[in-house]
Amino acid sequence: MPSIAQAPHSHAGATRRVVPGLGLAAFGVLAALGIAALLPTVSVLLIAIVLGILTRNLLPLPEQVEPGLAFAAKRLLRAGIVLLGLQLVLGDILGLGAGIIVTVVAVVAVGFAVTLLAGRLLGLSGTQTLLIASGFSICGAAAVAAVDGVVRTEDEEEVVTAVALVVVFGTLMIPALPLAAAALGLDAEVTGLWAGAAVHEVAQVVAIGGTLGAAALSAAVLVKLARVLLLAPVMLLVSAHRRRTLRSRADGEAATLPPLVPLFVAGFVAMVALRSTGIVPAAVVDTAGLVQSALLAAAMFALGAGVRLSLLRRVGARPFALAAISTLAVAATGLTGVLLAS
């Protein structure tokens, strides 16, 4: 009986602990929306993650905000990923054509292979390398968090480092990729396809596509969403490998095997399937899109708030070198595929 009586108090206490951090994240989202209204070509998600970084490193944050920020960075992010599935229609992805679909698969496969090999040669840990490979090959911070949910990274600094690298290198791609495309003489639509195939975050792809025109933006986002769709099969492979690794150990860790398919990944796939049936009203899709954007913006702010610049100085040059190699591998694969498919 005492445990039953104490349960409501336990839930209430847990709720109170996350309120300050969630309030800070909500304030960050509102600030990001305000800035985005003044800078309409810049994505709210990108602004939110930068605001999170600035907040962490310029202001003395009280300890009370940490549980809420952690909740936003994991729980709200996963909820946002589930709703992201409602923005995907399998028919639209298939409409890209075989050449672009093969390119998307090649980008993820080559990105993972090159990053994992380079990480081993650089002497980085397996989890750090896997987190960077996921973020740079699939969909940025969301993929980093998804992999962390499967492998249960013991060193939280590795997750923070991977997210920070996604922000730094993806942001550098915003001016660099259009400049490279102009030097190569690529037209706007091909540049948009390349951006979708090569840039890490959906927000960063939107930032590039928005400067190229409506057609290029649509192409860029569609190719990027095709990469996002590969999150599910990649997580399945990562989870299967993790379970196999734990089973091979004799130290009892097999009792904590991760699920073969994480619940939020299953939810993402279910939303894609639901949207692809055509039965979801447009108003529901639009509303879900707004909720998804708010959830992801709050999560991006919280992830940014986990980035301590002092930590980046402490981790040394090797993660940065791996991030640069991964970026070049993904960009080169994406460009090659797009040119062959065009």
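Residue positions within a chain follow its written sequence, with the count starting from 1. Local features in this predicted model are restricted to residues of pLDDT 70 or higher, and side-chain atom pairs are both shown and tallied only at a pLDDT of 80 or more, whereas totals for entire chains, interfaces and linings draw on every residue. Note that the side-chain values use all heavy atoms of the structure and ignore hydrogens as well as water.

Brief notes about the environment of Glu154
Here is the rule we go by: Per the convention used, a helix needs a DSSP run of H or I reaching at least four residues, while a strand needs a run of E reaching at least two, with both numbered from the N terminus. Per-residue accessibility, obtained with a 1.4 Å probe over protein chains only, is compared with the maximum for each type, and a residue is labelled buried under 20%, exposed over 50%, and partly exposed between these values.
In this fold, Glu154 is placed in the loop between helix H7 (141-151) and helix H8 (156-184). You can call Glu154 exposed: its relative accessible area is 78%. With 157 residues separating them along the chain, Glu154 and Leu311 place their C-alpha atoms 16 Å apart.

What to know about the confidence of the model for the protein chain
In plain terms, the rule: Known as pLDDT, the predictor's confidence for each residue is given on a scale from 0 to 100.
Chain-level pLDDT for the protein chain is 84 on average; 90% of the residues reach the 70-or-more range. Averaged pLDDT values over the elements of the protein chain bottom out at 75 in helix H15 (residues 309-315) and peak at 95 in helix H16 (residues 318-341).

Focus: the nonpolar core
Applicable threshold: In plain words, nonpolar cores are sets of buried Ala, Val, Leu, Ile, Met, Phe, Trp, Tyr and Cys residues tied together by side-chain atoms within 4.5 Å. The contact rule is simple, with two residues in contact once any of their heavy atoms fall within 4.5 Å.
In terms of nonpolar packing, the biggest core is built from 111 residues, with Leu77, Ile138, Leu177, Trp194, Leu231, Met235 and Met300 touching the most fellow members. It is H8 that provides the largest number of residues to this core, a total of 13 residues. If we skip the residues at most four places from it in the chain, Met300 touches Leu45, Ala48, Ile49, Leu77, Ala141 and Glu201.

Looking at a nonpolar patch on the surface
For clarity, the cut-off: Patch membership requires over 30% relative accessible area and the absence of a salt bridge. Like charges are linked within 9 Å, and nonpolar side chains (Val, Leu, Ile, Met, Phe, Trp, Tyr) within 5 Å. For accessible areas, the Shrake-Rupley method is used with a probe of radius 1.4 Å. Any residue's cover is judged against the shown protein chains and nothing else. The salt bridge definition used is simple: a Lys or Arg side-chain nitrogen within 4 Å of an Asp or Glu carboxyl oxygen.
Judged by side-chain polarity, Val50, Leu54, Leu58 and Leu59 come together as a nonpolar surface patch covering roughly 370 Å² of accessible area. Mapped onto the secondary structure, Val50 falls in helix H2 (residues 44-58). Overall, Val50 belongs to the partly exposed group, its relative accessible area being 34%.

What to know about the side chain of Thr161
In this structure, Thr161 sits in helix H8. Residue Thr161 is classed as buried on the basis of its relative accessible area of 0%. Filtering out sequence-adjacent residues up to four positions away, Thr161 remains in contact with Gln128, Leu311, Leu312, Val315 and Pro319.

What to know about the packing of helix H9 (residues 188-198) against helix H11 (residues 214-229)
Spelled out, the test is: Angular values range over 0 to 180 degrees, each being the angle between N-to-C directions of two axes fitted as lines to C-alpha atoms, with helices fitted over their stretch in contact. Angles are sorted into four bins: roughly parallel if under 35 degrees, roughly antiparallel if over 145, roughly perpendicular if 65 to 115, and oblique for all others. The hand of a helix crossing depends on one turn: near helix anticlockwise from the far one by less than a right angle means left-handed, and clockwise means right-handed. Each residue receives one of three labels: charged for Asp, Glu, Lys and Arg, nonpolar for Ala, Val, Leu, Ile, Met, Phe, Trp, Tyr, Cys and Pro, and polar for the others, Gly being one of them.
Relative to each other, H9 and H11 sit at 25 degrees, their axes nearing to 7 Å. One element, H9, and the other, H11, form an angle in the roughly parallel class. For the pair H9 and H11, the crossing hand works out as right-handed. Residues Ala188, Glu189, Gly192, Leu193, Gly196, Ala197 and Ala198 of H9 touch H11, and the partners they reach there are Ala216, Ala219, Ala220, Val223, Lys224 and Arg227. Residue composition of the contact of H9 with H11, grouped by class: eight nonpolar, two polar and three charged.

Focus: the packing of helix H5 (residues 98-122) against helix H6 (residues 126-139)
Contact geometry of H5 with H6 gives a least axis separation of 9 Å together with a crossing angle of 155 degrees. For the element pair H5 / H6, the angle class is roughly antiparallel. For the pair H5 and H6, the crossing hand works out as right-handed. Note on element contacts: H6 touches H5 through Thr129, Leu130, Ile132, Ala133, Ser134, Ser137 and Ile138, opposite Val107, Val108, Gly111, Phe112, Thr115, Leu116 and Gly119. Looking at side-chain class alone, the contact of H5 with H6 contains eight nonpolar, six polar and no charged residues.

Remarks on the environment of Ala214
With respect to the helices, strands and loops of the structure, Ala214 is situated in helix H11. Separated by 30 residues in the primary sequence, Ala214 and Leu184 place their C-alpha atoms 21 Å from one another.

As for the pattern of salt bridges
On inspection of all chains with the given rule, the structure shows one salt bridge. Here Arg56 ties to Glu66 by a salt bridge, and the two come within 3.0 Å at their closest N and O atoms. Of the two residues, Arg56 sits in helix H2 while Glu66 sits in helix H3 (residues 66-84), which places them 10 residues apart along the sequence.

Considering the environment of Ala48
Within the secondary structure layout, Ala48 lies in helix H2. What Ala48 contacts, discounting residues up to four positions off in sequence, is Ala32, Ala297, Met300 and Phe301.

Details of the side chain of Thr333
When you line up the elements, Thr333 lands in helix H16. By relative accessible area, Thr333 is classed as buried at 15%. Contacts of Thr333, omitting those with residues within four sequence positions, involve Thr103, Ala106, Val107 and Val110.

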